[in-house]
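# Commentary on secondary and tertiary structure
If you want the building blocks of each chain, they are given just below.
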Amino acid sequence: GEKRVELLPALPPDWTEGSLTGARARGGLTLDLYWKQGQLERAVIWAERGWQGTVAFGGASRPVQLKAGERMEIRG
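The structure contained in this document is the topic of the report that follows.

So, about the overall build of the protein. Tallying secondary structure elements over the protein gives 0 helices and 7 strands in all. In sequence order, the protein lays out its α and β elements as β-β-β-β-β-β-β. At 12 Å, the protein has a C-alpha radius of gyration in line with the 11 Å of a compact globule built from 76 residues. The principal-axis extents of the C-alpha atoms in the protein amount to approximately 35 × 20 × 20 Å.

What follows is the structure, encoded as C-alpha cells:
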C-alpha cells in the first residue's frame, strides 16, 4: 500500500512546547518536529533515499515526493 507518515497526531498534555530532532520513520525518513501550545507548528522531513507517499499534518494530508538527500519543511 501507499506509504503514509502521521506527524504527532496527539501530544501529552504536559508537552505544551518543545521539539524532537532526528526522529526516524519507516522508509528512510528523518523528522525534526517543533510544537507550541500543544500543536505541531512545523516539521522538517529529510529523505535518506527517495521517498514518495502521504504526510498527515495538523488534520490535513498532502502528497510528498523527495529525492535522496532532499529536505522539505511543512508548516501548520
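Glancing now at the pairing of strand β5 (residues 51-57). Here β5 lies mainly inside the structure; 6 of its 7 residues are buried. Summarising the sheet, strand β1 (residues 4-6) and β5 pair through 3 bridges and their orientation is parallel. In the sheet register, Glu-6 faces β5, and the bridge partner there is Ala-56. Bridge count for β5 against strand β6 (residues 60-66) is 7 bridges, and the pairing is antiparallel. When the bridges of β6 are listed, Trp-51 appears paired with Leu-66. Hairpin connection from β5 to β6: 2 residues lie between these consecutive antiparallel strands, with Gly-58 at a positive phi of about 55°.

Its location among the elements puts Leu-33 in strand β3 (residues 29-36). In this structure Leu-33 comes out as buried when scored by relative accessible area, which is 4%. When the C-alpha positions of Leu-33 and Glu-73 are compared, they lie 9.9 Å apart, and in sequence the two are 40 residues distant.

Before going further, it helps to spend a moment on the side chain of Asp-32. Position of Asp-32 among the secondary structure elements: in strand β3. Buried and without a salt bridge, Asp-32 has Arg-71 as its closest oppositely charged side chain, separated by 4.8 Å. A polar contact is formed between the side chain of Asp-32 and the backbone nitrogen of Gly-22, at a distance of 2.8 Å.

Using the criterion set out here, one finds 4 salt bridges in the structure. As a salt-bridge pair, Arg-24 and Glu-48 come within 3.0 Å of each other at their nearest N and O atoms. Separated by 24 residues along the polypeptide, Arg-24 in strand β2 (residues 18-25) and Glu-48 in the loop between β4 (39-47) and β5 bring together distant segments of the chain. Its relative accessible area of 39% is what places Glu-48 among the partly exposed residues. Lys-36 is paired through a salt bridge with Glu-41; the nearest N and O atoms lie 3.9 Å apart. Here Glu-41 falls in the partly exposed class, since its relative accessible area comes to 30%. Because the salt bridges share partners, they merge into one network encompassing Arg-42, Glu-73 and Arg-75.

About the cut-offs
Residues numbered from 1 in each chain as written. Predicted model: local features only at pLDDT ≥ 70, side-chain atom pairs only at ≥ 80, totals over all residues. Heavy atoms only, no water. Helix = DSSP H or I, 4+ residues; strand = E, 2+ residues; numbered from the N terminus. Rg over C-alpha atoms; globule rule 2.2 N^0.38 Å. Buried < 20%, exposed > 50% of the residue type's maximum accessible area, 1.4 Å probe, protein only. Pairing = 2+ DSSP bridges. Lys, Arg positive; Asp, Glu negative; His and termini not counted. Salt bridge = Lys/Arg side-chain N within 4 Å of Asp/Glu carboxyl O. Polar contact = N/O pair within 3.5 Å; in protein donor to acceptor, adjacent residues only side chain to side chain.

Everything listed is a geometric property; what it means functionally is a separate question.
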